[in-house]
Amino acid sequence: MSINGKAYIAGVYEHPTRKAVDKSLAQLHAESALGALADAGLSKDDVDGYFCAGDVPGLGALSMVDYMGLNLRHMDTTESGGSSYVIHVGHAAEAIAMGKCSVALITLAGRPRAEGMATGTAPRNYGSTSPDVAFEFPFGPTVVNMYAMCAMRHMYQYGTTSEQLAWIKVAASHHAQHNEHAMLRDVVTVEDVVNSPMISDPLHRLDCCVISDGGGAIIVTSPEIAKSLKRPLVKVLGVGESPKTQMGGKIDLTYSGAVRSGKTAFDEAKVKPSDMKYASIYDSFTITVLMQLEDLGFCEKGKGGAFVSDGNLISGVGKLPFNTDGGGLCNNHPANRGGLTKVVEAVRQLRGEAHPAVQVKNCDLALAHGTGGSLGTRHGSATVIMERE
Amino acid sequence: MAEQRTFPTPEADPDTEAFWAAAKQGKLMLGSCKSCGEKHYYPRGMCPHCGSSNVELTQASGKGEIYSWSVLRRAQPPYAIAYVTLEEGPTMMTNIIEADLDSLSIGQKVVLKFSPTENPDGPPVPTFKPA
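Report on the accompanying structure. Counting from 1, residues in each chain are numbered in the order their sequence is written. Following the order in which they are written, the chains are lettered starting with A and the ligands numbered starting with 1. Residues qualify for local features only when their pLDDT is at least 70, as the model is predicted, and side-chain atom pairs are given and counted only at 80 or more; totals for whole chains, interfaces and linings, by contrast, use all residues.

**Quick look at the overall build of chain A**
The criterion, for reference: Helix and strand definitions follow DSSP, with helices as H or I runs of at least four residues and strands as E runs of at least two, each counted in order from the N terminus. Note that the radius of gyration is over C-alpha atoms, with the globule rule given as 2.2 Å times the number of residues to the power 0.38. Any residue surrounded by 20 or more other C-beta atoms within 10 Å of its C-beta is treated as buried, while 12 or fewer makes it exposed and the intermediate range makes it partly exposed; C-beta atoms here are placed from the backbone.
Looking only at helices and strands, one finds 13 helices and 11 strands in chain A. Against the globule reference of 21 Å for 389 residues, chain A gives a C-alpha radius of gyration of 19 Å, in line with a compact fold. The dimensions of chain A, computed from C-alpha atoms along their principal axes, are 50 × 50 × 40 Å. The burial tally for chain A puts 62% of its 389 residues in the buried class.

**So, the packing of helix H6 (residues 162–176) of chain A against helix H10 (residues 286–296) of chain A**
Residues and elements named next belong to chain A. Let me state the cut-off plainly: Every axis corresponds to a line fitted to the C-alpha atoms, with the helix fit spanning only the stretch in contact, and the corresponding angles, defined between N-to-C directions, vary from 0 to 180 degrees. Roughly parallel covers angles under 35 degrees, roughly antiparallel covers those over 145, roughly perpendicular covers 65 to 115, and oblique covers all other angles. For every residue pair, C-beta atoms are placed from the backbone, and the pair is scored as a contact if these atoms sit within 7 Å. For this classification, Asp, Glu, Lys and Arg are treated as charged, while Ala, Val, Leu, Ile, Met, Phe, Trp, Tyr, Cys and Pro are nonpolar and the rest, including Gly, are polar.
Look at H6 against H10: their axes get within 9 Å of each other, and the N-to-C directions meet at 100°. When the interaxial angle is binned, H6 and H10 end up roughly perpendicular. For the pair H6 and H10, the contacting residues are Leu-165, Ala-166, Ile-168 and Lys-169 in the first and Thr-286, Ile-287, Val-289 and Leu-290 in the second. A class-by-class count of the residues in the contact of H6 with H10 yields 6 nonpolar, 1 polar and 1 charged.

**As for the packing of helix H3 (residues 84–97) of chain A against helix H13 (residues 339–351) of chain A**
Residues and elements named next belong to chain A. Two numbers describe how H3 lies on H13: the axes approach to 6 Å, and their chain directions differ by 60°. By the angle class used here, H3 and H13 are oblique. From H3, Ser-84, Tyr-85, Val-86 and Val-89 reach across to H13, where they touch Gly-339, Leu-340, Lys-342 and Val-343. In the contact of H3 with H13, the residues fall into 5 nonpolar, 2 polar and 1 charged.

**Examining the interface of chain A and chain B**
Counting from both sides, the interface comprises 27 residues of chain A and, opposite them, 35 residues of chain B. Taken together, the elements giving at least two residues each to the side of chain A that touches chain B come down to helix H4 (133–136), helix H5 (143–158) and strand E5 (198–200) of chain A. Top element by residues in the side of chain A that touches chain B is H5(A). It accounts for 6 residues. Among the residues forming the side of chain A that touches chain B, the class breakdown is 15 nonpolar, 8 polar and 4 charged.

**Overview of unusual backbone geometry**
A cis amide bond links Asp201(A) to the next residue, Pro202(A), at an omega of 0°. Within the secondary structure, Pro202(A) is located in the loop between E5 and strand E6 (203–204). For the bond from Gln76(B) to Pro77(B), the omega torsion is -5°, close enough to zero to count as cis. Its place among the elements puts Pro77(B) in the loop between strand E4 (63–72) and strand E5 (79–86). In this model, Asp310(A) sits at a positive phi of 60°, which is unusual for a non-glycine residue. Tracing the backbone through its elements, the reader meets Asp310(A) in the loop between helix H11 (304–308) and helix H12 (327–331). One non-glycine residue, Glu98(B), lies in positive phi territory at about 50°. Assignment of secondary structure puts Glu98(B) in the loop between strand E6 (91–96) and strand E7 (109–115).

**Concerning the sheet that holds strand E3 (residues 55–59) of chain B**
Short version of the rule: The pairing criterion for strands is at least two bridges between them, as found by DSSP.
Spatially, the 3 strands line up as an open sheet ordered E2-E1-E3 (chain B), and their pairing is antiparallel. Sheet topology places strand E2 (39–40) and E3 of chain B at the edges, where each strand pairs with a single neighbour.

**Brief notes about the nonpolar core**
Generally speaking, nonpolar side chains in soluble globular proteins are found buried as a group. Stated precisely, the cut-off is as follows: By convention in this section, buried Ala, Val, Leu, Ile, Met, Phe, Trp, Tyr and Cys residues joined through C-beta atoms within 7 Å make up a nonpolar core.
If you look at the biggest cluster of nonpolar residues, it comprises 154 residues, and the most contacted ones within it are Val89(A), Ala104(A), Tyr147(A), Ile218(A), Ile219(A), Val236(A) and Val343(A). A total of 9 residues in this core trace back to one element, the largest contributor, which is H5(A).

**Thoughts on the environment of Gln246(A)**
Its place among the elements puts Gln246(A) in the loop between strand E8 (234–244) and helix H9 (258–269). When residues no more than four places from it in sequence are discounted, the contact partners of Gln246(A) are Ile251(A), Thr377(A) and Arg378(A).

**Re the environment of Ile96(A)**
Residue and element names in this part refer to chain A. The residue Ile-96 is located in helix H3 in this model. Assessed through the 27 C-beta atoms surrounding it within 10 Å, Ile-96 is described here as buried. Distance from Ile-96 to Phe-135, taken between C-alpha atoms, is 42 Å for residues 39 residues apart in sequence. If we skip the residues at most four places from it in the chain, Ile-96 touches Lys-6, Ala-7, Cys-101, Ser-102, Ala-104, Val-220 and Ser-222.

**Description of H10(A)**
All names here are of chain A. Within H10, 11 of the 11 residues are buried, leaving the element largely enclosed by the surrounding structure. Those residues of H10 not exposed but buried are Thr-286, Ile-287, Thr-288, Val-289, Leu-290, Met-291, Gln-292, Leu-293, Glu-294, Asp-295 and Leu-296. Positive phi appears at Gly-297, one or two residues downstream of H10, with a value of about 95°.

**Notes on H3(A)**
Residues and elements named next belong to chain A. Filter applied, for reference: For a helix, the expected span equals 1.5 Å multiplied by the number of residues minus one.
Along its 14 residues, H3 runs 20 Å from first to last C-alpha, staying within 8% of the 20 Å computed at 1.5 Å per residue. For H3, the buried fraction is high: 12 of the 14 residues fall into the buried class. Buried within H3 are the following residues: Ser-84, Tyr-85, Val-86, Ile-87, His-88, Val-89, Gly-90, His-91, Ala-92, Ala-93, Ala-95 and Ile-96. A positive phi of about 80° marks Gly-99, the residue just after H3.

Structure (structure tokens):
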């Protein structure tokens, strides 16, 4: 059985806030949900399936279901960090294909700026019952130094350079200049990136994403409902999800779970990487993008540095326009989880609703990919491929 | 030489008590599977390679080389996190200590040196210094 063609993305919304001192977490989820429902032309009473991850307040989905007054027959609280929401699109398509729900709502929200969270440079401790904590937390693993070790190994093994990584930020900044909501709208150069302060070797400040408050939501529906709405039709063709771990000490930092999630999604969609007109690629750091592009098959393993150089990711310039909203690197990384906004911009592109300066012509096939957790220890990878019908 | 950071004290649980007791005696132990013969790290109650629960702890030589590293420049004091591949095979997360943080490299030979942790009654943690 396949989900190819069994579900459509009917509504998307990206909350415009980037600093939400005046809003509660539940409020941000609810405003995002209402935004996506309005985009689809549906109301909250149409929702019969709800999908959320660990960023919701309360016990699993229950508090948000209560807050929003939803009447459901299906719910899913799959938690895989920033990749969760891409997984949710897949799980929603599966649930719709199985007849378990017909209008699925996915929400994300968070307030790391308002709460003054040290997102990237403070060691995270998931609690002493997490079996890895005693063997890792004493050594100060943070978000940034774990991704940095992946970059360091990639440079060693494949000759990747800081200048090549910098091109990823340069491309994102070219796109963000057109996004009025983007946190960083100044176009930067390779020199700007490599001359920015070193945070954790070899990653500079401008290799890192922004920290932002905000949220977003996605509505996935059955084909029948999607076709009854007055919105462009965005069909889900294929989905894939896969975790990658330390494998009992057989650690290999040079690839991600995208090797598996990408292949699963492409096989189900019956398309190949070179068919993609646009790609939303998780960009917590520049190295994240480079590794995922390789692992998804956009270029050969180890050749990501050459692939991203010379503006190849810039819309209107290169062969693979990516993250045309400015991505996490320049626009928005709500709740430190970037998977949902990746789907949102891919849908904008497929509908022809991206900013005119970055809209890809005849954008009929697009991919969105998320990574959650830590590329250097344990992470989830998820890929969704969509088609404009 | 870089200023030394203070190491949080790891909490032992029933699965790892023996590992941390050995650490107090200056021994770095690996998980070792009596069914498939493979070593693993971190040690645990089942072999992550074959699924057997017929596992024991065996002592590592303490010799290894840096698989990857990064100095968190924004920390006070800055410190070098690393993955070290042990002579016995497994790669483990650690810190490189007693080193010039500007001279670390992948492939560099390192040796085990336990570092004390915040709680003087708690176990030390396995760190490495240049060989």
